[in-house]
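Remarks on the overall topology
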Amino acid sequence: MEEKMVKASSPPALVSPGSFSGLVYKNVTVPVYTALKGRATQISNMPFMDESSGSDDDCSSQASFRISVPSSESRKTSGLGSPRAIKRGVSMSSLSSEGDYAIPPDACSLDSDYSEPEHKLQRTSSYSTDGLGLGGESLEKSGYLLKMGSQVKTWKRRWFVLRQGQIMYYKSPSDVIRKPQGQVDLNSRCQIVRGEGSQTFQLISEKKTYYLTADSPSLLEEWIRVLQSLLKVQATGPPALLRGGTKPTVKGWLTKVKHGHSKVVWCALVGKIFYYYRSHEDKLHGAYVFRERRLPHPPLALPFMEDCCPQRPLGCLPVRDAHIEEVDRSCDSDEDYEAGGTRRLLSSHCTLVIHPTEHSPTYLLIGTKHEKDTWLYHLTVAAGGSSAKVGTAYEQLIGKLMDGEGDPDSPLWRHPMLCYSKDGLYASLTTLPSEALQTEALKLFKSCQLFINVPVEAASVDYHVSLAQTALQVCLVHPELQSEIYCQLMKQTSCRPPQKYSLMQCWQLLALCAPLFLPQHHFLWYVKQQLQRHADPRSETGQYATYCQRAVERTLRTGEREARPSRMEVVSILLRNPFHHSLPFSIPVHFTNGTYHVVGFDGSSTVDEFLQRLNQEIGMRKPSHSGFALFTDDPSGRDLEHCLQGSVKICDAISKWEQAMKELHPGKSEGGTRVVKLMYKNRLYFRSQVKGETDRERLLLASQTSREIVAGRFPINKELALEMAALMAQVEYGDLEKPALPGPGGTSPAKAQHLLQQVLDRFHPRRYRHGAPAEQLRHLADMLTTKWATLQGCSPPECIRIYLTVARKWPFFGAKLFAAQPAQLSSKENALVWIAVNEDGVSILDHNTMQVHITYPYSSVTTFGGCRDDFMLVIRSIPDKSSGKSHIEKLIFRMAAPKIAEATFIMASYMNHCTTTVNPPTNPPGACQLWELDGRQFFSSVSCATKGPTLL
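First things first, this report covers the structure right here in the doc. Since we're looking at a predicted model, the values are computed, not measured.

With respect to the overall build of the chain
- Across its full length, the chain holds 26 helices and 29 strands.
- Residues classed as buried in the chain amount to 55% of the 952 residues present.
- Look at the contacts in the chain between residues 6 or more apart in sequence, and 67% of them connect residues 24 or more apart.

Below, the structure written as structure tokens:
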């Protein structure tokens, strides 16, 4: 299971830390988090490798595994030095011993020995004006940064010096005359990547990845700015349009000429701004694709960062109100070279000029006519000029309609170019930048024709499912074709004779497009106009047009999709008249008590919207109070569950599950028949929210706890296990009917015995029945009968109340348990432990008795997540009162990758929950010894005549 980063939205604990696009079904990617300013911040979307960060100075730090409070004999490291030393400008790190671990900036204010204000700390950061970049930026800088160590993954304070294309780091400024503890040669292959928080970033070199934290956001910006200057990417500020998730209208290699100077650059038109980059690897791509994401996997890898800093433009040019025209090889430079870098003079090229109203002109040399037509059209549209004279004939007609403000009486609406024709297409309707895309556009038209002209039949619907999925997948892979398919379908629906099925299927294909993506600029205006013209509640095609109108508006509000439509979605559109329902799709959600509830949704519904409807219908609080979340099963059939983030589209989740299923079972019928299973389960448990629980929440919590008991992840003795099973039997089956003699009205002994066996299988711990002889199992059934009969007359809510009252006496009720093996022990020893994660922290429990070895509160956790193939916890001990020193432990556990990811995300969610709203842990008498509770005390308060059982 993979979730995305924890957002700051309300409540942070219940937003899964990752988007669904980061969810991997076959190869789970485990991220790494660190604690900064009291919050869990993702610093890597991949597991740490021991050599991935740091240098030789890290090797002296040794990690150890302890299952008790660290003793005084353990290796210690010194804490902070005196404030006086800090005032002298000496590194805090240089005052400590060999481990040399720095307290993060947010922790400094909590240290009674440290009283220096933040601005004093920032004065240790300085620029040098000796080296200047092309734009006058300084290429040298020095100052303190926190660096993640390579062995023990915690933060160390180091003095960094950037000089002459190298970045070096020392323990303190006074050490700069000595050999540096480490250094990095910066070149064009290095990258700077922002972290999730406002103060962290990665320095990615050819050999290592360095995780760095600045003391303040302003210092972070200074470091990034000077590093970018050194990497020869002039920082012009992060483009607001790119950050907003806007896709480029057109992009590609061009030769830009201005003031007699030419340069081959990678260009992108985003909205009304023309950006140019050093190379296409300067991921302007990253700036928007990371956000629209959303694709990368089906399941693919997800970049964990929101913005890629090195991917900043060399410059930008607003084109609003600019004059755009084609010129006849106008160029004031004779250095016109191909983008491939061969330094060969272009023998033939097209030239466009962008002439802003108050600036000098910029010339663009473009290698092919296809590219020139594309740039000319989109630059003209972005500039706000009339598109009636640029682009294809189809585009020019749309431009004329826009110039006429969409006059409904205009004869252009019935122009043959905009209307249905029996003849096929011989060229694309929109300008496309390459012949290859022109060819794809014609293939797309043929696929649409096959979909439209072959009648849909329920028995062979998979033919149309495959056609629709293939065509729309092409459009997702090539966004340039998204406007093209809309134009093709608009042409097919306009003025088409009302045949029995063809026109209908054309609208159905359009209904599948609308939730996925939308056309851009003038095309979107045209599509909305056409939908309005065709919307009519009196005809079926008119109802489909109305449905498409709603879908377009929903997509505009909630954003585009990441994956092609699933089989379920296509079949629903083709066979179930979706326009009859505001929520055309439905799927069952399964609960831990074996029941399910069917929930409706549309093509743009997010998980948050889906859960809001589910909670309203079944009587539960919102997830921020109940702690429940939506999960999918694993398409491989493994016993894994994947939590869905609130912003994920339900249709995307279903589609990606389906695609993974087909990849795992190629050519098998199972790949087309088995469907995703959605489950609603408790993920986070907060004691402060117990008072507001609804009856449905208590029922599902009890059912989930019962499953934990059966699986052996809940400590309980044999007698109490029977009594808990009897309670669940009373909830599920009601009063026990005594076996009667054969005859009408009675329960046969065989049927009664079967019922008892069913209850034991569902609600009794397996370990107490495994390998037991038949006589012992019969005795177990007899004891269950006795205890069940004691509950005669108890209502299900009463039984659930008693059940949860007893279960909550275990301090780790609601915690998620993960079986793990300490890596310091050999595999032959097989000494397993439980890692329990709850709102209080991370605890290590004995695997057999579930007794607590040690608990690490979240305030002591500095780094956690994947480390190679293992689970890593880096713990900082509480400073000793006498010496003020603390030490670091790096704990490594062997676990399956999906479980590592699950534990990591749950920890991050708990850490980011507002702890002030959570009551402190309570420990009622005997709470830690639930397995020693006397069952007779439990049942003594419950009799046949008892209406309100006494709570324990």
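Picking up after the structure, the text goes on.
Let's talk about the packing of helix α11 (residues 482-493) against helix α12 (residues 502-513)
- Interaxial distance between α11 and α12 falls to 10 Å at its minimum, and their mutual angle equals 155°. Judged by the angle between their axes, α11 and α12 are roughly antiparallel. For the pair α11 and α12, the sense of crossing is left-handed. On α12, the residues touching Ile485, Tyr486, Leu489, Met490, Gln492 and Thr493 of α11 are Leu503, Cys506, Trp507, Leu509, Leu510 and Cys513.

A word on the environment of Glu708
- Within the secondary structure, Glu708 is located in helix α20 (residues 695-711).
- Residue Glu708 is classed as partly exposed on the basis of its relative accessible area of 22%.

Remarks on unusual backbone geometry
- The phi dihedral of Cys495 falls on the positive side, at around 60°, and the residue is not glycine.
- With respect to the secondary-structure elements, Cys495 resides in the loop between α11 and α12.
- With relative accessibility at 38%, the residue Cys495 sits in the partly exposed group.
- In this model, Arg868 sits at a positive phi of 55°, which is unusual for a non-glycine residue.
- Relative to the assigned elements, Arg868 resides in the loop between β27 (861-867) and β28 (870-876).
- Overall, Arg868 belongs to the partly exposed group, its relative accessible area being 39%.

What about the sheet that holds strand β23 (residues 816-822)?
- Pairing within the open sheet is antiparallel, and its 9 strands lie in the order β2-β1-β27-β28-β29-β23-β24-β25-β26. Each of the sheet's edge strands pairs with one partner strand only, and the pair in question is β2 (39-44) and β26 (852-857). For this sheet the average axis-to-axis angle between neighbouring strands, irrespective of direction, equals 30°.
- Pairing of strand β1 (residues 32-36) with β27 involves 3 bridges; the strand directions are antiparallel. Residue pairing in the sheet places Val32 in a bridge with Gly865 of β27.
- Packed onto the sheet, helix α25 (residues 897-911) meets β1, β2, β23, β24 (833-838), β25 (841-846), β27 and β28 and runs at close to 155° relative to β27.

Remarks on helix α15 (residues 567-575)
- Residues of α15 that are buried: Glu569, Val570, Val571, Ser572, Ile573 and Leu574.
- Structurally, α15 contributes buried residues whose contacts are with α9 (435-453), α10 (461-477), α12, α14 (540-558), β18 (585-590) and α18 (650-664).
- Where α15 terminates, the next one or two residues include Asn577, which has phi positive at roughly 45°.

Conventions adopted
- Residues numbered from 1 in each chain as written.
- Predicted model: local features only at pLDDT ≥ 70, side-chain atom pairs only at ≥ 80, totals over all residues.
- Heavy atoms only, no water.
- Helix = DSSP H or I, 4+ residues; strand = E, 2+ residues; numbered from the N terminus.
- Buried < 20%, exposed > 50% of the residue type's maximum accessible area, 1.4 Å probe, protein only.
- Contact = heavy atoms within 4.5 Å.
- Axes fitted to C-alpha atoms, helices over the stretch in contact; angles between N-to-C directions.
- Parallel < 35°, antiparallel > 145°, perpendicular 65-115°, else oblique.
- Left-handed = near helix turned anticlockwise from the far one by under 90°.
- Pairing = 2+ DSSP bridges.

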